[in-house]
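One-letter residues, chain by chain:
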Amino acid sequence: MKWKAKVVIRLKEGLNDPEGRVIGKALKNLGYKVEELKVPKYFELIFESETPEKDVEEMCKRLLANPVIHTYEYQIEPLGE
Amino acid sequence: MPKFAVIVFPGTNCDFETLEAIKKAGGKAERVWYKQSLKDFDGVVLPGGFSYADYLRAGAISARAEVMEEIKALANEGKPVLGICNGFQILTESALLPGALRPNKIPSFLCKWVYLKVSDTQTAFTQFYKEGEVIRMPIAHAEGNYYSESLDSIRITFQYSDEKGEITEDANPNGSLLNIAGISNEKGNVLGMMPHPERASDKWLGSEDGLRIFKSMVEYAKR
């Protein structure tokens, strides 16, 4: 069975996001009242599995996220046989 | 004479300099492609560079290579394992050392000389330094901002300081927690550091303060 997963990796709350800060500042310079901007990472993957939840959970834990600094969430949808 | 493996991943680029520094320090060294075996080596160095182009996070993909299991086994045997710059990132990503290296506080690549205070002389890499000694080495990284939720199992080895050894905010180039430039594991046989000792291992390079790291490592491996 084929699946599509959409995975979002976020920095843990309170951790400084230098890239987000710089982009937020650039928007401010364009005149927008941006208080905060964060840059999560977004992954889309298509994979075959009989245990999709377990596999995506493992992929996040083992590589996509670094548990020291990240949280993650995902959605999985079937793509058919 | 102890023999060290200098591990080469796709994108490693400080391997030859590291090799030369180890030889100058009195050790034998070989470049070892990450798919080769590590038997017959007395220690391992993970040199600097941009393995896998720093994709995902610096060091993340290399840290999941099979060779890391062998390196973990060597570290558990008490053999010296040194990670320099990208090597340090690989060591934290593989959990051989605690914490993580995040993008620099000001998001840019930093390439400059810094002063370091030696905070721990009891590791396999620092026995030839004096406690509190101030040394000079270059840094060259975009992700060297050390972070850890807990400092319990950390031995701080090097801290960014000013010329006098004061640990100040101004002397912190990348936003690292407590000005941390290098840490070791509890046993002191695994060290990760962002500055490049191999680029400070001869007077004509501008400093030879880094050479003693390799000399210490060679001496330690003779035990």
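What this report covers is the structure whose coordinates are included nearby. In this text, all values refer to a predicted model and were calculated from it rather than measured experimentally.

What about the interface of chain A and chain B?
Now for step 1: The interface is formed by 19 residues belonging to chain A together with 16 residues belonging to chain B.
Now for step 2: Of the roughly 1,300 Å² buried between chain A and chain B, counting both surfaces, carbon and sulfur atoms make up 57%.
Now for step 3: On the chain A side of the interface with chain B, the three residues burying the most area are Pro18, Leu63 and Val68 of chain A, jointly 34% of the side's total.
Now for step 4: Linking chain A to chain B there are 1 salt bridge.
Now for step 5: Here chain A is connected to chain B by 8 residue pairs in polar contact (both at pLDDT 80 or more).
Now for step 6: Among the elements of the structure, α1 (18–29), β2 (41–48) and α2 (52–64) of chain A are those that each provide at least two residues to the side of chain A that touches chain B.
Now for step 7: Here the residues of the side of chain A that touches chain B are counted per class, giving 10 nonpolar, 3 polar and 6 charged.

Regarding the nonpolar core
All names here are of chain B.
Now for step 1: Within the largest apolar cluster, 63 residues are counted, with the highest numbers of intra-cluster contacts made by Ile7, Phe9, Leu38, Ile71, Leu82 and Phe158.
Now for step 2: With 7 residues, the top contributor of residues to this core is helix α4 (residues 211–222).
Now for step 3: The contacts of phenylalanine 9, once residues within four sequence positions are left out, are Trp33, Tyr34, Leu46, Ser51, Tyr52, Ser62, Ala65, Val67, Met68 and Ile90.

A word on the environment of cysteine 14 of chain B
Residues and elements named next belong to chain B.
Now for step 1: When you line up the elements, cysteine 14 lands in the loop between β1 (3–8) and α1 (15–24).
Now for step 2: On the basis of relative accessible area, cysteine 14 is assigned to the buried category, the value being 1%.
Now for step 3: Sequence separation of cysteine 14 and phenylalanine 125 is 111 residues, and the distance between their C-alpha atoms is 19 Å.
Now for step 4: Residues contacting cysteine 14, with those up to four places away along its chain left out, are Pro47, Gly48, Gly49, His196, Glu198 and Arg199.

What counts as what
- Residues numbered from 1 in each chain as written.
- Chains lettered and ligands numbered in written order.
- Predicted model: local features only at pLDDT ≥ 70, side-chain atom pairs only at ≥ 80, totals over all residues.
- Heavy atoms only, no water.
- Contact = heavy atoms within 4.5 Å.
- Buried area = accessible area lost by both parts, 1.4 Å probe.
- Salt bridge = Lys/Arg side-chain N within 4 Å of Asp/Glu carboxyl O.
- Polar contact = N/O pair within 3.5 Å; in protein donor to acceptor, adjacent residues only side chain to side chain.
- Helix = DSSP H or I, 4+ residues; strand = E, 2+ residues; numbered from the N terminus.
- Nonpolar A, V, L, I, M, F, W, Y, C, P; charged D, E, K, R; others polar.
- Core = buried A, V, L, I, M, F, W, Y, C linked by side-chain atoms within 4.5 Å.
- Buried < 20%, exposed > 50% of the residue type's maximum accessible area, 1.4 Å probe, protein only.

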